[in-house]
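# Secondary and tertiary structure notes
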Amino acid sequence: QVQLVESGGGLVPPGGTLRLSCKASLVGFRFHIMGWYRQAPGKERELVATLTNGGRSNYGNAVNDRFPNSRDKNTVILQMNNLTVEDTAAYYCNANKTKWGQGTQVTVSS
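I will try to describe carefully the structure that is included in this document. (Residues numbered from 1 in each chain as written. Predicted model: local features only at pLDDT ≥ 70, side-chain atom pairs only at ≥ 80, totals over all residues. Heavy atoms only, no water.)

## Focus: the overall build of the protein chain
Filter applied, for reference: For the purposes of this entry, the term helix denotes a DSSP run of H or I that reaches at least four residues, the term strand denotes a run of E that reaches at least two, and both are numbered from the N terminus. Throughout, the radius of gyration refers to the C-alpha atoms, and the reference size of a globule is 2.2 Å times the residue count to the power 0.38. Burial classification: accessible surface area is computed with a 1.4 Å probe over protein chains only, and a residue below 20% of its type maximum counts as buried, one above 50% as exposed, and the rest as partly exposed. In this analysis, two residues are considered to be in contact whenever any of their non-hydrogen atoms come within 4.5 Å of each other.
Secondary structure summary: the protein chain contains zero helices and eleven strands in total. For the protein chain, the sequential pattern of α-helices and β-strands runs β-β-β-β-β-β-β-β-β-β-β. Taking 110 residues into account, the globule formula puts the C-alpha radius of gyration at 13 Å, and the protein chain, at 13 Å, falls close to it. If one aligns the C-alpha atoms of the protein chain with their principal axes, the spans along those axes are about 40 × 25 × 20 Å. Looking at the 110 residues of the protein chain, the share that counts as buried comes to 42%. Intrachain contacts of the protein chain at a sequence separation of at least 6 include 50% that bridge at least 24 residues.

Following this line, the structure appears as structure tokens:
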């Protein structure tokens, strides 16, 4: 079973930036696809961005490529740029589609 460790959430003003990371900490993990989803209270969980082991990215319509994602071995990085209040949500790391992190809160507010 893969353990996903997320970090980087916090409180930022509109227009600010955050950098989220998610590490699959289990030795021997085989990277196929990893990325991020988000969920705000009362809303459905939605795709933010994913990255395959072949380097292919898929971005959700809500953010497009405003949040570029990258990979460093078993860690994925989400660079969140030009944040708006609509980006406020709990962000969940996903690995190989079926494994989830515990979530990290991003709050955009003045």
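From this point, things continue past the structure.
## Things to note about the environment of Asn 61
Here Asn 61 is to be found in the loop between strand E6 (57-59) and strand E7 (69-72). Between the C-alpha atom of Asn 61 and that of Glu 46, which follows or precedes it by 15 residues, the distance is 9.3 Å.

## Quick word on the pattern of salt bridges
What counts is decided by this rule: Basic side-chain nitrogens of Lys or Arg form a salt bridge, by our definition, when they fall within 4 Å of a carboxyl oxygen of Asp or Glu.
This model, assessed by the stated rule, comprises three salt bridges. Among the ionic pairs, Asp 87 bridges to Arg 38, the shortest N-O distance being 2.9 Å. Taken as a pair, Asp 87 in the loop between strand E8 (75-80) and strand E9 (89-95) and Arg 38 in strand E4 (residues 33-39) lie far apart in primary sequence, 49 residues in all. Here Arg 38 falls in the buried class, since its relative accessible area comes to 5%. Residues joined by salt bridges that share partners form a network here, namely Arg 38, Glu 46, Arg 66 and Asp 87.

## Remarks on the nonpolar core
Worth spelling out the cut-off: Side-chain atoms within 4.5 Å are what join buried Ala, Val, Leu, Ile, Met, Phe, Trp, Tyr and Cys residues into a set we call a nonpolar core.
If you look at the biggest cluster of nonpolar residues, it comprises 26 residues, and the most contacted ones within it are Met 34, Trp 36, Leu 78, Met 80 and Tyr 91. Elements supplying a minimum of two residues to this core: strand E3 (18-24), E4, strand E5 (46-52), E8, E9 and strand E11 (104-108). Ignoring sequence-local partners within four residues, the contact set of Leu 78 consists of Leu 18, Arg 19, Leu 20, Trp 36, Val 48, Ala 49, Phe 67, Pro 68, Asn 69 and Tyr 91.

## Examining the side chain of Thr 104
Formally: N or O atoms closer than or at 3.5 Å make up a polar contact, with two conditions inside protein: a donor-capable atom paired with an acceptor-capable one, and, for residues adjacent in sequence, both atoms drawn from side chains.
Examined against the element boundaries, Thr 104 turns out to sit in strand E11. Classification of Thr 104 as buried rests on a relative accessible area of 11%. Within the structure, the side chain of Thr 104 is placed 3.3 Å from the backbone nitrogen of Gly 9, a separation counted as a polar contact. Those residues in contact with Thr 104 that sit more than four places away from it in its chain are Glu 6, Gly 9, Leu 20, Trp 36, Ala 89, Ala 90 and Tyr 91.

## Regarding the sheet that holds strand E1 (residues 4-7)
Strand pairing in a sheet is mediated by backbone hydrogen bonds. Such pairs are either parallel or antiparallel. Put simply, the test is: Following DSSP output, two strands are said to pair if at least two bridges run between them. For helices, the fitted axis covers only the stretch in contact; all axes are lines through C-alpha atoms, and the angles between them, taken along N-to-C directions, range from 0 to 180 degrees.
Strand order across the open sheet formed by four strands is E1-E3-E8-E7, with antiparallel pairing between neighbours. The sheet is open, and its two edges are formed by E1 and E7, each paired on a single side. Direction aside, neighbouring strands of the sheet carry axes that sit 20 degrees apart on average. Strand direction decides the pairing type here: E3 and E8, joined by six bridges, are antiparallel. Bridged to Leu 20 within E8 is Leu 78.

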